[in-house]
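Per-entry structural report
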Amino acid sequence: MKICRLSLFNLKRNKREAAAIVFLTLITTFLMTTFAVSITQIDRAFDRAFEETGCADFILLFQADRYRDIYRDILEEEYHVTDVRESSVLYGAGASALSKQGESIAYNMIFVDENTERKMENFQKLNAFPDDEIEKLSHPIWLPQYFEITAGYTPGETFTFVSGGRDYPFTIAGFYNTGLYNSSSMLKCIISEDDRVLLSSVYEEYRMIAFDTEREFSYEEYYEKCAAKSNENVLSAVIPLDKDAEKMVETTYLAVFLYMSVFLSIVTMISALFLILHKISKDMEEQMVQIGVLEALGYTSRELSLSYICEYILTGGVGAVIGGITAAVFSPVMDTLIRGMMNRDVHTDVNILRILIVVISIIALVTLFALSRAARVKKLPPVVAFRK
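What counts as what
Residues numbered from 1 in each chain as written. Predicted model: local features only at pLDDT ≥ 70, side-chain atom pairs only at ≥ 80, totals over all residues. Heavy atoms only, no water. Helix = DSSP H or I, 4+ residues; strand = E, 2+ residues; numbered from the N terminus. Contact = heavy atoms within 4.5 Å. Areas by Shrake-Rupley, 256 points an atom, 1.4 Å probe, with all protein chains shown as cover. Salt bridge = Lys/Arg side-chain N within 4 Å of Asp/Glu carboxyl O. Axes fitted to C-alpha atoms, helices over the stretch in contact; angles between N-to-C directions. Parallel < 35°, antiparallel > 145°, perpendicular 65-115°, else oblique. Left-handed = near helix turned anticlockwise from the far one by under 90°. Nonpolar A, V, L, I, M, F, W, Y, C, P; charged D, E, K, R; others polar. Phe/Tyr/Trp six-rings, centres within 6.5 Å; stacked < 30°, edge-to-face > 60°. Buried < 20%, exposed > 50% of the residue type's maximum accessible area, 1.4 Å probe, protein only. Lys NZ or Arg CZ within 6 Å of the ring centre and 35° of its normal. Expected span 1.5 Å × (residues − 1). Arc of directions from axis to C-beta. Core = buried A, V, L, I, M, F, W, Y, C linked by side-chain atoms within 4.5 Å. Patch = residues over 30% accessible without salt bridge, like charges linked within 9 Å, V, L, I, M, F, W, Y side chains within 5 Å.

Some words on the overall build of the protein chain
- Secondary structure assignment for the protein chain yields 14 helices and eleven strands.
- A separation threshold of at least 6 residues defines the contact pool for the protein chain, and within that pool the share at least 24 residues apart is 82%.
- Put simply, the protein chain shows about 18800 Å² of open surface, and 57% of that area lies on carbon and sulfur atoms.

Brief notes about the pattern of salt bridges
- Under the definition given, this model contains 19 salt bridges.
- Where salt bridges share partners, they join D69, R72, D73, E86 and R207 into one cluster.

Here we look at the packing of helix α3 (residues 69-78) against helix α8 (residues 219-230)
- Their axes nearest at 10 Å, the elements α3 and α8 cross at an angle of 125°. Comparing their axes, α8 and α3 come out oblique. For the element pair α3 and α8, the recorded crossing hand is right-handed. Residue-level inspection shows I70, Y71, R72, I74, L75 and E78 of α3 in contact with α8, the latter providing Y222, K225, C226, K229 and S230.
- A per-class count over the contact of α3 with α8 returns six nonpolar, one polar and four charged.

Observations concerning the packing of aromatic side chains
- Tallying each qualifying case throughout the model produces 29 aromatic pairs.
- Geometrically, the ring pair formed by Y91 and Y206 is edge-to-face, given 5.4 Å between the ring centres and 85° between the ring planes. Here Y91 is found in strand β2 (residues 85-98), whereas its partner Y206 is found in strand β10 (residues 204-211), with 115 residues between them in sequence.
- Y91 gets classed as buried once you look at its relative accessible area, which sits at 10%.
- Summarising the aromatic geometry, the rings of F123 and Y176 are spaced 6.0 Å apart at their centres and angled 75° between planes, so their arrangement reads as edge-to-face. Taken together, the positions of F123 in the loop between α4 (114-120) and β4 (124-128) and Y176 in strand β7 (residues 166-177) put the pair 53 residues apart, joining distant regions of the chain.
- Overall, F123 belongs to the buried group, its relative accessible area being 5%.
- Of the aromatic side chains, those joined through ring pairs into one cluster are Y107, F111, Y146, F147, Y153, F159, F161, F170 and Y203.
- Sitting over the face of the ring of Y153, K100 holds its NZ or CZ atom 5.7 Å from the ring centroid.

Some thoughts on helix α12 (residues 331-342)
- In this model α12 runs 16 Å from its N-terminal to its C-terminal C-alpha over twelve residues, within 8% of the 16 Å that 1.5 Å per residue would give.
- All buried positions along α12 are accounted for by S331, M334, D335, I338 and M342. Buried residues in α12, looked at end-on, bunch into an arc of 105°, giving them a common side.
- Looking one or two places after α12, you find N343, whose phi comes out positive at around 60°.

What to know about the nonpolar core
- If you look at the biggest cluster of nonpolar residues, it comprises 36 residues, and the most contacted ones within it are I59, L61, V89, I110 and Y181.
- A total of five residues in this core trace back to one element, the largest contributor, which is helix α2 (residues 15-53).
- Apart from residues lying up to four places away in sequence, Y181 is in contact with I59, L61, I110, P144, M186, L187, K188, L241 and E246.
- Of all hydrophobic cores here, the second largest spans 22 residues; its members include A95, F161, Y168 and F175.

Remarks on a nonpolar patch on the surface
- Together, V350, I352, L356 and I360 make up an exposed nonpolar region whose accessible area comes to about 360 Å².
- Tracing the chain through its elements places L356 in helix α13 (residues 352-374).

Focus on unusual backbone geometry
- Phi at Y181 is positive, roughly 60°, even though this residue is not glycine.
- By the secondary structure assignment, Y181 is in the loop between β7 and β8 (182-183).
- Even without a glycine there, the phi angle at N231 is positive, about 60°.
- Its place among the elements puts N231 in the loop between α8 and β11 (238-242).

What about the side chain of T160?
- Its place among the elements puts T160 in strand β6 (residues 158-163).
- For T160, a relative accessible area of 10% puts it in the buried group.
- Contacts of T160, omitting those with residues within four sequence positions, involve S96, A97, L98, D167, Y168 and P169.

Re α8
- In this model, α8 (twelve residues) spans 16 Å end to end at C-alpha, consistent with the 16 Å of a helix rising 1.5 Å per residue.
- Turning to α8, its buried residues are Y219, Y222, Y223, C226 and S230. Buried residues of α8, viewed axially, fall in a sector of 100°; they line one side. In this structure, α8 carries E220, E224 and A228 as exposed residues pointing more than 90 degrees from its buried face.
- Where α8 is buried, its residues contact β1 (58-63), α3 and β11.
- With its phi angle positive at about 60°, N231 sits one or two positions after the end of α8.

So, in structure tokens, the structure goes:
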């Protein structure tokens with residue numbers, strides 16, 4: 001009780017410094033906990049979203065006039081791929097489209113019909129018009145979630161491509177969940193067979209090969225085998241994409257953001273420890289006579305040291321607990337942030353164990369640091385204190 005009374009007395013005398021320590025440990029715990037909970041769940045969130053689409057892990061797009069059947073045969077014979085899916089697609093490198101504000105934006109866009117889409121993945125529709133309304137549309141188009149989340153499009157709005165001075169307006173029938181081609185580097189839209197024929201005079205035709213393989217797949221090795229059997233330069237005729245590459249594109253910036261938050265949390269933690277160091281040293285200098293009086297009244301140096309330690313356990317503990325609770329409550333906001341950066345509907349779980357580990361670690365670090373500094377009280381016998 002004596003130790004607690006001394007700690008509370010010191011806190012009342014130094015409310016400003018105590019509030020600063022609470023704030024710094026709160027920010028440190030919040031940032032560190034957000035990182036600890038989110039960093040491992042980013043990959044899981046992508047993997048879950050990808051698996052829901054049923055998308056092929058690898059998709060190769062060959063220029064139609066440079067594609068050879070031997071390229072498919074190599075996958076089947078030498079890589080033992082048993083389910084190679086082939087189809088024709090259109091590809092517009094830097095395809096010009098009008099934004100909602102009427103500005104021209106260039107997209108690397110792949111155009112497929114529904115049959116081709118179902119060879120790639122499940123064609124999982126999300127926000128869409130009713131089927132009877134879609135049947136009435138002259139030129140329906142399905143866009144990946146990228147356009148709903150990033151650009152704010154809604155079903156029923158017009159999405160217009162521009163080529164050769166001519167507009168090609170489409171009506172957005174809805175959005176769909178796609179495994180690949182859902183980032184700014186390359187996108188995929190689904191149009192009708194008639195519209196694909198219409199756009200074939202505008203955009204280049206490619207041959208698509210979609211497949212999964214349990215074996216480690218090396219593009220370089222595959223291209224070498226294709227070149228050896230066809231005696232042609234394959235590398236310049238193909239556009240590859242796979243699950244790992246898509247994941248890297250969608251999650252890199254988010255990971256950088258989280259690591260920046262860790263750096264900031266380290267800075268705030270160092271600031272909190274420096275403040276504790278400064279405050280203990282200042283208190284000892286200013287309260288030297290008081291320390292001597294208390295020791296003369298029967299307080300041991302151990303009790304005085306513990307009063308300092310208890311003071312910082314209280315301030316650091318309050319900040320750490322509030323920071324941990326804030327991080328848990330912040331989880332839905334983090335989901336929204338991840339959704340905006342990955343362009344997918346994702347959900348991350350609140351990992352209570354990791355939050356507790358971070359909170360306890362922060363409190364332990366503050367306690368150990370305060371313990372090392374408060375031990376100086378033991379070196380001050382009453383006579384030294386009174387001389388001050």
